[in-house]
Amino acid sequence: FGVFMFEWQGAKAEDVGMDGAKLEAMREQLVERQTKALFVVRNDRVVMEWYAEDHSATRKQGTASLAKALVGGMSLMLAMAEGMMDADDLACKYVPEWRDGRVRSKITIRHLATHSSGVEDAELSQADIDQAKANGRDVSDDHMALPAWKGGFWRKDPDPFTLSRDDAPIIFEPGKQYAYSNPGMAMLSYCVTVAVQSLPQKSVRSLLKERVMDVIGVAEGEWSVGYGQTYEVNGLPLVANWGGGSFSARATARVGRLMLKKGNWEGAQII
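Read on for an overview of the structure. (Residues numbered from 1 in each chain as written. Predicted model: local features only at pLDDT ≥ 70, side-chain atom pairs only at ≥ 80, totals over all residues. Heavy atoms only, no water.)

Let us look at the sheet that holds strand β2 (residues 37–42). Overall, mixed pairing links the 3 strands, which are arranged β1-β3-β2 in an open sheet. Because the sheet does not close on itself, it has two edges, and the strands there are β1 (9–10) and β2. Direction of pairing for β1 relative to strand β3 (residues 45–51): parallel, over a ladder of 2 bridges. When the bridges of β3 are listed, G10 appears paired with V46. Helix α1 (residues 20–32) rests against β2 and β3 of the sheet, and its axis sits at about 30° to β3. Along the sheet face, helix α9 (residues 249–260) touches β2 and β3 and points at about 30° away from the line of β2. (Pairing = 2+ DSSP bridges. Helix = DSSP H or I, 4+ residues; strand = E, 2+ residues; numbered from the N terminus. Contact = heavy atoms within 4.5 Å. Axes fitted to C-alpha atoms, helices over the stretch in contact; angles between N-to-C directions.)

Between helix α2 (residues 67–81) and α9, whose axes approach to 12 Å, the crossing angle comes to 40°. Relative to α9, the element α2 lies oblique. For the pair α2 and α9, the crossing hand works out as left-handed. Facing α2, whose interface residues are L70, M74 and M77, α9 presents T252, V255, L258 and M259. (Parallel < 35°, antiparallel > 145°, perpendicular 65-115°, else oblique. Left-handed = near helix turned anticlockwise from the far one by under 90°.)

Below, the discussion takes up unusual backbone geometry. Residue P158 follows D157 across a cis peptide bond; omega there is 0°. Checked against the element boundaries, P158 lands in the loop between α5 (148–155) and α6 (160–166). With a phi close to 75°, Q34 is a non-glycine residue in the positive phi region. Inspection of the secondary structure assignment puts Q34 in the loop between α1 and β2. You can call Q34 exposed: its relative accessible area is 55%. One non-glycine residue, K262, lies in the positive phi region at around 55°. Looking at the secondary structure, you find K262 in the loop between α9 and β9 (264–265). (Buried < 20%, exposed > 50% of the residue type's maximum accessible area, 1.4 Å probe, protein only.)

On to the nonpolar core, then. Core analysis: the biggest nonpolar cluster contains 66 residues, and M85 and W98 have the highest contact counts within it. Residues in contact with M85, not counting those within four places in the same chain, are L76, A79, M80, Y94, I109, C191, V192 and A195. Ranked by size, the runner-up nonpolar core spans 9 residues in total, among them L38, V47, W50 and A52. (Core = buried A, V, L, I, M, F, W, Y, C linked by side-chain atoms within 4.5 Å.)

Here we come to the pattern of salt bridges. One pass over the structure, following the stated rule, counts 15 salt bridges. Between K36 and D54 there is a salt bridge, and its shortest N-O distance comes to 4.0 Å. Taken as a pair, K36 in the loop between α1 and β2 and D54 in the loop between β3 and β4 (61–62) lie far apart in primary sequence, 18 residues in all. Residue classification places D54 among the partly exposed residues on the basis of a relative accessible area of 43%. Taking the shortest distance from any N to any O, the salt bridge between E97 and R165 comes out at 3.4 Å. Here E97 is found in the loop between α2 and α3 (109–113), whereas its partner R165 is found in helix α6, with 68 residues between them in sequence. Here the residues in one salt-bridge network are D44, R257, K261 and E266, joined through shared partners. (Salt bridge = Lys/Arg side-chain N within 4 Å of Asp/Glu carboxyl O.)

Below, the discussion takes up α1. Along an α-helix, a turn takes 3.6 residues, which lines up residues three or four apart on a common side. Taking 1.5 Å per residue as the helical rise, α1 with its 13 residues ought to reach 18 Å, and the 19 Å between its terminal C-alpha atoms agrees with that figure. N-capping of α1 is provided by D19, with a side-chain oxygen placed 2.9 Å from the backbone N of A21. Taken from the residues just after α1, Q34 is the one with a positive phi, measuring 75°. (Expected span 1.5 Å × (residues − 1). Polar contact = N/O pair within 3.5 Å; in protein donor to acceptor, adjacent residues only side chain to side chain.)

With 6 bridges joining them, β2 and β3 adopt antiparallel strand pairing. Each bridged residue has a counterpart across the sheet, and for A37 the counterpart in β3 is Y51. With antiparallel pairing between neighbouring strands as the criterion, β2 and β3 make up a hairpin whose turn holds 2 residues, including N43 at a positive phi of roughly 55°.

With respect to topology, 3 strands assemble into an open sheet ordered β4-β8-β5, the strand pairing being antiparallel. Here the strands that pair on one side only, and so sit at the sheet edges, are β4 and β5 (223–224). The pairing of β4 with strand β8 (residues 246–247) spans 2 bridges and is antiparallel. Each bridged residue has a counterpart across the sheet, and for G62 the counterpart in β8 is S246.

Spelled out as structure tokens, the structure:
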């Protein structure tokens, strides 16, 4: 694919069936809550665009767990669209270390993508809090009280992917429950990376850049992923997908537009 030109066009809120006065009231409330950027689009028309004094249309902002969609979901869709993997593939197809595990060998790509894998999250659990209190520490959200592997995940010591693969416990039978899991998302990125090694783009970052962001016209300075880091594990260039993404409001909106149009961009089916 090349670059398919598209530029946002403006419109009055009322022209696309919205209430301009209510939008302005919403903007004022968001400003009071320290919002820095607001970009509202309907039917491909920009009806409100506002930035705080220290922000701009091209400035990136941290997106926290929206990276799970912008990075994790997008890269998974690309790998599936290329026929490199299927949602119901066993994860151990891509993670040899999981093949002999009684429970890990049952985890599928769908389980990882939908937080139903059973891979424990790296945040403080109630059990962690209770244990800390039993040791004389009163904590509620203190990463210093995390068990070793959980603290290592956030400190990146040795790296979050190895810890997610080898140390994160499985706390229920895959597919039987829902439990939010950052390490589960890390393993999704791991599997996607293995799956795309036969493509020219061998990392989640390069896959997104060359197959999506360049094509839909997002400037390189308006997005970044993976906390700006790449981890090499077993020769794989691994990029975080659970967080660590920064996007401008306009860049985020372009990805949203691509999703609304089911992977089609200006007549080209890029996913």
